[in-house]
Amino acid sequence: GAGVSQSPRYKVAKRGQDVALRCDPISGHVSLFWYQQALGQGPEFLTYFQNEAQLDKSGLPSDRFFAERPEGSVSTLKIQRTQQEDSAVYLCASSRWGADTQYFGPGTRLTVL
Amino acid sequence: KNEVEQSPQNLTAQEGEFITINCSYSVGISALHWLQQHPGGGIVSLFMLSSGKKKHGRLIATINIQEKHSSLHITASHPRDSAVYICAVLSSGSARQLTFGSGTQLTVLP
């Protein structure tokens, strides 16, 4: 079936704007992860869902970051009042269960001007 | 000190060469992943291993749990192998997120 998809692929925002990034995981995958990847760095964990429950949000850098997965499938990562340091690629991954192989989406490249 | 360290950071090889990328980690893990990232951001999982060795085509991954070390080998390298290779670990007894190394940029010249 289809892999993990993310939209938009590219987003340019002015500083202070709110943005919403969408992730469509592989159908039936229980676990969903969001990661942030700064230029030239490895990804860093943001948050983890098991079905609709957000079990870990320890990686969210500030209270401007909010993620949800209300029906246990599609997830949205929202960033309020964007700052330049939020510029990064935001990666979504899903897996059948928490410790299984994670399948990554193509990422959303966010540029905050 | 990062929990996951990779070396080298950059690697340039001639087509056909045997390539080794190393990964060391400092935490107890339940599994280690090798990932491949092409320009544009897409990440593909190459291997997930918790012991021993796995082989897929020209790629071989090994792990030594006692030494907290893993290697990714590419035999008969090809320009299409050019990508960033990332090591990531799943810590034992923790939540399910991966902790990533900073990646190794591999360039294979024709």
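Located above this text is the structure these notes cover.
Because the structure is a prediction, the values reported are computed rather than measured.

K.L.:
Tell me about the overall build of chain B, and please be specific about residues and values.
P.N.:
Per the secondary structure count, chain B includes 0 helices and 11 strands. When its helices and strands are written in sequence order, chain B yields β-β-β-β-β-β-β-β-β-β-β. Relative to the compact-globule value of 13 Å for 110 residues, chain B shows a C-alpha radius of gyration of 13 Å, a close match. In terms of its C-alpha atoms, chain B occupies a principal-axis envelope of roughly 45 × 30 × 25 Å. Sorting the 110 residues of chain B into buried and exposed places 44% on the buried side. For chain B, the share of sequence-separated contacts (at least 6 apart) that also reach a separation of at least 24 residues comes to 55%.

K.L.:
Provide a residue-level description of the sheet that holds strand β7 (residues 65–68) of chain A, including the pertinent values.
P.N.:
All names here are of chain A. Spatially, the 4 strands line up as an open sheet ordered β1-β3-β8-β7, and their pairing is antiparallel. In this open sheet, the two strands that pair with only one neighbour each are β1 (5–7) and β7. Averaged over all neighbouring strand pairs, the angle between strand axes comes to 15 degrees, with direction disregarded. The pairing of β1 with strand β3 (residues 19–24) spans 3 bridges and is classified as antiparallel.

K.L.:
Go over the sheet that holds strand β6 (residues 52–56) of chain B, please, and point to the residues and values.
P.N.:
Residues and elements named next belong to chain B. One open sheet holds the 5 strands; their spatial order is β1-β3-β8-β7-β6, and the pairing between them is antiparallel. Looking at strand neighbours, the two that pair on one side only are β1 (4–7) and β6, the edges of this open sheet. Between one strand and the next, the sheet's axes are offset by a mean angle of 15 degrees, whatever the strand orientation. By the bridge criterion, 4 bridges tie β1 to strand β3 (residues 19–25) in an arrangement that is antiparallel. Pairing of Gln6 across the sheet is with Cys23, part of β3.

K.L.:
Could you give an account of the packing of aromatic side chains, naming the residues involved and the relevant values?
P.N.:
Across all of its chains, the model carries 7 aromatic pairs over all chains by this definition. With a centroid separation of 6.1 Å and 15 degrees between ring planes, the pair formed by Phe33 of chain A and Tyr35 of chain A is classed as stacked. Neither Phe33 of chain A nor Tyr35 of chain A differs from the other in exposure class; each is buried. Aromatic side chains Tyr35 of chain A and Phe45 of chain A sit 6.3 Å apart centroid to centroid with 70 degrees between the ring planes, which places their arrangement in the edge-to-face category. Of this pair, Tyr35 of chain A sits in strand β4 (residues 31–37) while Phe45 of chain A sits in strand β5 (residues 44–50), and the two are 10 residues apart along the sequence. Per residue, the accessibility class of Tyr35 of chain A equals that of Phe45 of chain A, and both read buried. An aromatic cluster of three or more residues is present, and its members are Phe33, Tyr35, Phe45, Tyr48 and Phe104 of chain A together with Phe100 of chain B.

K.L.:
Account for the interface of chain B and chain A, naming residues and giving values.
P.N.:
The interface is formed by 18 residues belonging to chain B together with 20 residues belonging to chain A. Taken together, the two surfaces of chain B and chain A that pack against each other cover about 1500 Å², and 61% of this comes from carbon and sulfur. Our enumeration of links across chain B and chain A arrives at 0 salt bridges. Joining chain B to chain A, the criterion identifies 2 residue pairs in polar contact (both at pLDDT 80 or more).

Conventions adopted
Residues numbered from 1 in each chain as written. Chains lettered and ligands numbered in written order. Predicted model: local features only at pLDDT ≥ 70, side-chain atom pairs only at ≥ 80, totals over all residues. Heavy atoms only, no water. Helix = DSSP H or I, 4+ residues; strand = E, 2+ residues; numbered from the N terminus. Rg over C-alpha atoms; globule rule 2.2 N^0.38 Å. Buried < 20%, exposed > 50% of the residue type's maximum accessible area, 1.4 Å probe, protein only. Contact = heavy atoms within 4.5 Å. Pairing = 2+ DSSP bridges. Axes fitted to C-alpha atoms, helices over the stretch in contact; angles between N-to-C directions. Phe/Tyr/Trp six-rings, centres within 6.5 Å; stacked < 30°, edge-to-face > 60°. Buried area = accessible area lost by both parts, 1.4 Å probe. Salt bridge = Lys/Arg side-chain N within 4 Å of Asp/Glu carboxyl O. Polar contact = N/O pair within 3.5 Å; in protein donor to acceptor, adjacent residues only side chain to side chain.

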